[in-house]
Amino acid sequence: MTIKSSPQTYGAVAISLHWLSALLILALLWSGFRAAGLHDPAAKAALLRLHLPAGLLVLALTAARILWWLGFDAKPAALAASPLQQRAASFVHILLYVVMLGMVASGLGMTISTGAAGHIFSPDTSALPDFWRVRPRIPHGLGARLLLALLGLHVAAALYHQFVRGDAVFRRIWFAR
Ligand code: HEM
């Protein structure tokens, strides 16, 4: 296993960033939808105490991924069967970055404009604001659904490559060779 990617497989840094981001995003979707459905402020704040730092960690990892690809590493050769599939894959990957960054921006916008951080991280959570009274709540909710749809497409494409085309795509993005 090498630090950088080769024309055949991803390297250790790209693989670590990919799976760490994937885990955090699943945790964020779960904690976000669950927090939004709760009315008890203490229970909501307990989830948001995980949600907010995880969101900021996703921002750091996404910035690290962009820097890594722009400055230090090159992606393995594309697996797409046609130029159209290749363009569709690149489009979904770029949109995933854009939506993730949009989620962080709207999440921060909601938290800062309601002054919620002080209530979330204080022992007295009774004054937790209603996030729906600020504008960024709408793109945050829509972005979460768009992110779910894009992740569905991303996973479906990976399964198609693995099981229909027999490209062994999971081996390219995992540590064991
Ligand atoms: C990739 C990053 C993120 C993802 C995937 C994510 C996901 C979600 C989801 C799925 C919801 C529920 C949406 C709904 O039911 O309409 C939500 C709500 C929320 N998120 Fe995030 N989020 C992210 C980043 C952040 C960040 C960085 C912050 C703040 C710094 C944040 C703060 C919040 C807040 C305050 C709520 C509202 C909960 C409520 O309405 O009770 N999120 N998030």
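Residues numbered from 1 in each chain as written. Predicted model: local features only at pLDDT ≥ 70, side-chain atom pairs only at ≥ 80, totals over all residues. Heavy atoms only, no water.

A. Quick peek at the packing of aromatic side chains. If you walk through the whole model with that rule in mind, you get four aromatic pairs. Here Tyr10 and Trp69 contribute two aromatic rings whose centre-to-centre distance is 6.1 Å and whose plane-to-plane angle is 75°, an arrangement assigned as edge-to-face. Highlighted residues: Tyr10 in the segment before helix 1 (12-36) and Trp69 in helix 2 (residues 41-71), separated in sequence by 59 residues. In terms of burial, Tyr10 and Trp69 fall into one category: buried. Through a chain of ring-to-ring contacts, the aromatic side chains of Trp19, Trp174 and Phe175 assemble into a single cluster. Sitting over the face of the ring of Trp69, Lys75 holds its NZ or CZ atom 4.9 Å from the ring centroid. (Phe/Tyr/Trp six-rings, centres within 6.5 Å; stacked < 30°, edge-to-face > 60°. Helix = DSSP H or I, 4+ residues; strand = E, 2+ residues; numbered from the N terminus. Buried < 20%, exposed > 50% of the residue type's maximum accessible area, 1.4 Å probe, protein only. Lys NZ or Arg CZ within 6 Å of the ring centre and 35° of its normal.)

B. Region of interest: the nonpolar core. The biggest cluster of nonpolar side chains holds 24 residues, and the ones touching the most others in it are Tyr10, Ile25, Leu29, Trp69, Leu96, Leu147 and Leu151. Mapped onto this core, the elements with two or more residues apiece are helix 1, helix 2, helix 3 (83-114) and helix 5 (137-164). Per element, the largest residue contribution to this core is seven residues, and it comes from helix 1. If we skip the residues at most four places from it in the chain, Trp69 touches Ser5, Tyr10, Ala14, Ala74, Lys75 and Tyr97. Core analysis: the second largest hydrophobic core is formed by eleven residues, Leu47, Ala116, Ile120 and Phe131 among them. (Core = buried A, V, L, I, M, F, W, Y, C linked by side-chain atoms within 4.5 Å. Contact = heavy atoms within 4.5 Å.)

C. View of the site of the ligand. For the ligand, the set of nearby residues contains 25 residues, the closest of which are Lys44, His51, Arg137, His140 and Arg145. Side-chain polar atom of His51 to a nitrogen atom of the ligand: 2.9 Å apart, as the coordinates give it. Residue His140 places a side-chain N or O atom 2.8 Å away from a nitrogen atom belonging to the ligand. Counting only elements with at least two residues in the shell around the ligand, the list comes to helix 1, helix 2, helix 3 and helix 5. Here the residues of the shell around the ligand are counted per class, giving 15 nonpolar, seven polar and three charged. (Near = heavy atom within 4 Å. Polar contact = N/O pair within 3.5 Å; in protein donor to acceptor, adjacent residues only side chain to side chain. Nonpolar A, V, L, I, M, F, W, Y, C, P; charged D, E, K, R; others polar.)

D. Broad picture of the confidence of the model for the chain. A residue-level look at the chain finds 99% of positions with pLDDT of 70 or above and a mean pLDDT of 95. Model confidence for the chain, summarised as mean pLDDT per element, is weakest for helix 6 (residues 169-172) at 92 and strongest for helix 1 at 98. (pLDDT = per-residue confidence, 0-100.)

E. Geometry of the coordination of the iron atom of the ligand. At 2.1 Å from the iron atom of the ligand lie its protein donor atoms, namely His51 (NE2) and His140 (NE2). Around the iron atom of the ligand sit six donor atoms, and with donor-metal-donor angles ranging over 86 to 179° the site reads as octahedral. On the criterion of sequence distance, the pair formed by His51 in helix 2 and His140 in helix 5 is long-range, its members being 89 residues apart. By relative accessible area, which is 14% here, His51 ends up buried. Overall, His140 belongs to the buried group, its relative accessible area being 14%. (Donors = N, O, S within 2.8 Å, 3.2 Å for Na, K, Ca; no water. Tetrahedral: all angles 85-135°; square planar, octahedral: opposite > 155°, others 65-115°.)

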